[in-house]
Amino acid sequence: MIPELGHFALILALLLAAAQAIFGLVGASRGNVAWMRAAQPAVTGQWVFLSLSFGVLVWSFIQFDFSVRYVATTSNSLLPLFYRIAAAWGGHEGSLLLWGLMLATWSVAVAAFSRSMPLPYKSRVLGVLGLVSVGFLTFMLFTSSPFERLVPAVPDGNDLNPLLQDVALAIHPPMLYLGYVGFSVAFAFACATLIEGRLDVAWARWARPWTLAAWLCLTIGITLGSWWAYYELGWGGYWFWDPVENASFMPWLMGTALIHSLAVTEKRGLFKSWTLLLAVGCFSLSLLGTFLVRSGVLVSVHAFATDPARGLFILAFLVAVIGGALALYTWRAPALKSEAGFELASREAFLLFNNALLVAATGLILLGTLYPLVMDAMELGKISVGPPYFGKAFLIPMVPLVLLMAVGMHAIWKRSRLGPVMNLLWILLGAAVALALFVTLVVYEEFHFMGLVGFTVGFWLLGSAMVEPIKRFGGWRTLPAGFWGMTTAHVGVALFAIGVTGVESYRIEKDISLGIGETTVLEGYEFRFEGTKNVQGPNYRAIEGTVLITRDGKQVTTLHPQKRFYASGGNPMTEAGIHGRLRRDLFVALGEDLGAGKWSMRVQYKPLIRLIWLGALFMAFGAAVSAMDRRYRARSKVSAAVMTGHAAGEAAR
Amino acid sequence: MTPRRKRMIAVAAIVIGVGAATAVALQAFQENIMYFYSPSQVTAGEAPDGRAFRLGGLVTAGSVERTPGDIEVRFTVTDNAMSIPVSYSGLLPDLFREGQGVIAHGRLDSSRGVFVADEVLAKHDENYMPPEVAETLHTPQASGGAS
């Protein structure tokens, strides 16, 4: 009975989403205030019913209701409570429901915190969000309802994929979805702007905090995924350029371009149509990501479904959204002209380069991700594009991007006036080169060209980001939150660059065979294999190895890598042993019994790998700080009065 | 220099830079495209010599062997028509099993007639078969047919 309640709530949510779309869009175009006002309760209602529906699903998981097909396929009677809840989004149907709930949550937030916007504009935004929601809920109800019954019910479920039984991975999908779906808000703002043919740039100010919030969630989601892959997959890598990873990285790159371009549009009224196009592109890439991951076109842990009907639906949806938005764009955008000019070394110009380079990076990744799919679809051969391509191609736009960032942070709007800062930056560059040489030659004792380049740009950016805060020492309170956000995020980029450089240039990875008491040495660390024993977990048993690590005769740590076998059967799992320090990680994964008392083992030395995730967290934190800038609140109060007047005027028409 | 000339030089520099970057990117792309071949195609000599490619099929039942204590493992990959011996030194994926689908990245050592793998990937769960492998498998009756 209860699962049917969830299904029913889902249907009601779909109807309310339709109401939201119709009242919002039609009401605004007819100037019917009552209709426009009605869009808001529809949003709230949709959210309430989706929450109810999601709650019912979680309840079914907690109660081990194996008469529900989805529960039976992704849960198990031995699964601990925490993972039973997380299992609600551990499969295709549940993660779609979560997607829908996230979309409704963003819509409710937009409805609640956008009092300053004129009513017709706001209801158009809500209307567009409603349309997106209608698409997704229809998809869910017709192709992948999580509440479908299993007749007869099974006594026990299949279990959640053991790979997914992990804390980081329980949080990874919701964060990632918050990010993906969050870009729908920027998309809705862009569509509403195009529909109204708004010539002003107030929308950029309204859209900025939302875009930053979405970008923040996506950043954290990707970081968690990378961190999870590092310690859970047993390969010891932080990024594999897997198509599914690329699917989340492309909207991130374009989102990064969007938050910068929005700044130019808001402050200077430039790049108007470009910013709109980026907003459309960003959400389109999020949908493309969903399509790639959920359609079964790609194969990975993420691809649960290989049902062609589902893929076809998402593809049709994708075409409708992108096609519709682009048609709207070609119709309306020519009216948007940017009048003001700017000079070559002005802030606008640097942000233009930023956008060009980020979009180029997105394009290069898109090429490598889609090319094999296109070739396969046209029966031109089965190919794959190896990770070395992405590694190389990505650096081409990224090195200039970081270099320009170090300078561009100090540029002012409109004019080329870097002057005295430039002298300081040259000195910093010299210092960065010297420091990078020191790190490569003295610390890591091996010259590595890309290592030198990477450390140089990283150190330079770090130094450059520190210039302003040091110069204004004592007067920090006068600096706006936006400045601190930018500085924090750029420091994050620098840390990230240094981390990637360290790992890519100086990592050591060995797959070896070790007998009990045998040792292997990596960078002065001696790994001694002490043997294995059997251990018992709540829903698995494991073989646990013991590896003692010493350096210069002193014990560093003892690692316990495991090979787990889950009670529900299925795949064994590798649980790596990791000793992490800011300076380096030591990584050991247990392979298999090779006979003759020996085990295969993967031992790795990963310098500076933690800086990668730390840098990403800095970026996310920077976005949070920026989004909280008083400007978005203070000005909205001033404009609120103006806008309500404006709205009343427009509604009266 | 007039501002106009300055701008011209900047534009020219950007065009040259973008052109060079595109060339480097396309070259990296060319170098890293890996084709997929089935054991039958490899036997027929279609696979490139000395260039990395992907070999896929089933791990022949009973073919996995290793010298006890040695990390090198040898097995054969089959499409139920032809099979190719593979040698690999490293950790096998958790899902590697005899009789199951597998994709190996590596090069053909034509002097030994062995495919030397530098990476071995197995399917992601027990119900899954890589589509490339599924399409090239020869059922016993249809053996010899084109893939």
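About the thresholds
- Residues numbered from 1 in each chain as written.
- Chains lettered and ligands numbered in written order.
- Predicted model: local features only at pLDDT ≥ 70, side-chain atom pairs only at ≥ 80, totals over all residues.
- pLDDT = per-residue confidence, 0-100.
- Contact = placed C-beta atoms within 7 Å.
- Pairing = 2+ DSSP bridges.
- Helix = DSSP H or I, 4+ residues; strand = E, 2+ residues; numbered from the N terminus.
- Axes fitted to C-alpha atoms, helices over the stretch in contact; angles between N-to-C directions.
- Domains from an automatic or database assignment.
- Nonpolar A, V, L, I, M, F, W, Y, C, P; charged D, E, K, R; others polar.
- Parallel < 35°, antiparallel > 145°, perpendicular 65-115°, else oblique.
- Left-handed = near helix turned anticlockwise from the far one by under 90°.
- Buried ≥ 20, exposed ≤ 12 C-beta atoms within 10 Å, placed from the backbone.

Describing the confidence of the model for chain B
Residue and element names in this part refer to chain B.
For step 1, the next point in the chain: Confidence in the prediction for chain B averages 81 pLDDT; 84% of positions are at 70 or higher.
For step 2, the next point in the chain: Here residues 140-147 scores under 50 on pLDDT; set against residues more than four positions off or in separate chains, the count is 11 contacts.
For step 3, the next point in the chain: Taken over the whole predicted complex, pTM reads 0.91, whereas the ipTM for its chain interfaces reads 0.84.

Brief notes about the sheet that holds strand β10 (residues 584-595) of chain A
Residues and elements named next belong to chain A.
For step 1, the next point in the chain: The 4 strands lie next to each other as β2-β11-β10-β9, forming an open sheet whose pairing is antiparallel. The open sheet is flanked by β2 (508-515) and β9 (577-580), the only strands paired with a single partner. Going from strand to strand, the sheet's axes swing by 20° on average, the running direction of each strand aside.
For step 2, the next point in the chain: By the bridge criterion, 9 bridges tie β10 to strand β11 (residues 598-607) in an arrangement that is antiparallel. Of the residues in β11, the one forming a bridge with Leu590 is Met601.

Observations concerning the pairing of β9(A)
For step 1, the next point in the chain: With 4 bridges joining them, β9(A) and β10(A) adopt antiparallel strand pairing. Residue pairing for β10(A): His579(A) is matched across the bridge by Leu586(A).

Quick notes on the domain arrangement of chain A
Think of interface size as the accessible area that goes away when the parts come together; that is how it is often given.
Residues and elements named next belong to chain A.
For step 1, the next point in the chain: Under the domain assignment, chain A is made up of domain 1 (1-165), domain 2 (173-180 + 196-313 + 345-413) and domain 3 (508-609).
For step 2, the next point in the chain: The gap between the C-alpha centroids of domain 1 and domain 2 is 25 Å.
For step 3, the next point in the chain: Residue-level contacts link 17 residues of domain 1 with 16 residues of domain 2.
For step 4, the next point in the chain: Of all elements in the fold, only α5 (92-113) and α6 (119-143) reach the threshold of two or more residues within the side of domain 1 that touches domain 2.
For step 5, the next point in the chain: The leading source of residues in the side of domain 1 that touches domain 2 is α5, at 6 residues.
For step 6, the next point in the chain: Its residues assigned to classes, the side of domain 1 that touches domain 2 shows 9 nonpolar, 7 polar and 1 charged.

Overview of the packing of helix α1 (residues 2-30) of chain A against α6(A)
All names here are of chain A.
For step 1, the next point in the chain: Taken N-terminus to C-terminus, the directions of α1 and α6 make an angle of 150°; their axes are 7 Å apart at the nearest point. The angle between α1 and α6 falls in the class roughly antiparallel. The hand of the α1/α6 crossing is left-handed.
For step 2, the next point in the chain: Class assignment of the residues belonging to the contact of α1 with α6 gives a composition of 16 nonpolar, 8 polar and 1 charged.

Observations concerning the interface of chain A and chain B
For step 1, the next point in the chain: Across the boundary between the two partners, chain A contributes 36 residues, which contact 29 residues of chain B.
For step 2, the next point in the chain: Listed by contribution, the elements that provide at least two residues to the side of chain A that touches chain B are α12 (347-377), β1 (383-385), α13 (387-408), β2, β8 (572-575), β10 and β11 of chain A.
For step 3, the next point in the chain: Taken together, the residues of the side of chain A that touches chain B sort by class into 16 nonpolar, 14 polar and 6 charged.
For step 4, the next point in the chain: Inspection of the sheet shows β1(A) paired to strand β1 (residues 33-37) of chain B by 3 bridges, in the antiparallel sense. Within the sheet, the bridge partner assigned to Val385(A) lies in β1(B) and is Ile33(B).

Quick notes on the packing of α6(A) against helix α7 (residues 167-196) of chain A
All names here are of chain A.
For step 1, the next point in the chain: For the pair α6 and α7, the least separation of the axes is 8 Å and the interaxial angle reads 125°. One finds that α6 runs oblique with respect to α7. Judged by the twist between their axes, the crossing of α6 over α7 is right-handed. Within the contact between the two elements, α6 uses Tyr121, Arg124, Val125, Val128, Leu129 and Val132 and α7 uses Ser184, Ala188, Phe189, Cys191, Ala192, Ile195 and Glu196.

Notes on the confidence of the model for chain A
Residues and elements named next belong to chain A.
For step 1, the next point in the chain: Put simply, chain A has an average pLDDT of 88, and 94% of its residues get 70 or more.
For step 2, the next point in the chain: No element of chain A has a lower mean pLDDT than helix α18 (residues 630-652), which averages 48, and none a higher one than helix α17 (residues 609-627), which averages 96.
For step 3, the next point in the chain: pLDDT under 50 marks residues 634-653. Its contacts with residues more than four places away, or in other chains, come to 19 contacts.

Quick word on the pairing of strand β4 (residues 525-536) of chain A
Residues and elements named next belong to chain A.
For step 1, the next point in the chain: The sheet contact formed by strand β3 (residues 519-522) and β4 spans 4 bridges and is antiparallel. Within the sheet, the bridge partner assigned to Thr519 lies in β4 and is Arg528.
For step 2, the next point in the chain: What sits between β3 and β4 in their antiparallel hairpin is a turn of 2 residues, with Glu523 showing a positive phi close to 50°.
For step 3, the next point in the chain: Where β4 folds back on strand β5 (residues 540-551), the antiparallel hairpin that results is connected by 3 residues.

So, the environment of Thr501(A)
All names here are of chain A.
For step 1, the next point in the chain: Within the secondary structure layout, Thr501 lies in helix α16 (residues 481-506).
For step 2, the next point in the chain: Residue Thr501 is classed as buried on the basis of its C-beta count, with 27 C-beta atoms lying within 10 Å.
For step 3, the next point in the chain: Placed 50 residues apart in sequence, Thr501 and Gly451 show a C-alpha to C-alpha distance of 5.6 Å.
For step 4, the next point in the chain: Residues within four places of Thr501 in sequence aside, it is in contact with Gly451, Gly454, Phe455 and Gly458.

Considerations on unusual backbone geometry
For step 1, the next point in the chain: Note the cis peptide between Val151(A) and Pro152(A), where omega equals -10°.
For step 2, the next point in the chain: By the secondary structure assignment, Pro152(A) is in the loop between α6 and α7.
For step 3, the next point in the chain: With a phi angle near 50°, Asp552(A) is a residue other than glycine that sits in the positive phi range.
For step 4, the next point in the chain: By the secondary structure assignment, Asp552(A) is in the loop between β5 and β6 (554-559).
For step 5, the next point in the chain: Although it is not a glycine, Asn80(B) sits at a positive phi angle of roughly 75°.
For step 6, the next point in the chain: Mapping Asn80(B) onto the fold places it in the loop between β3 (72-78) and β4 (83-89).

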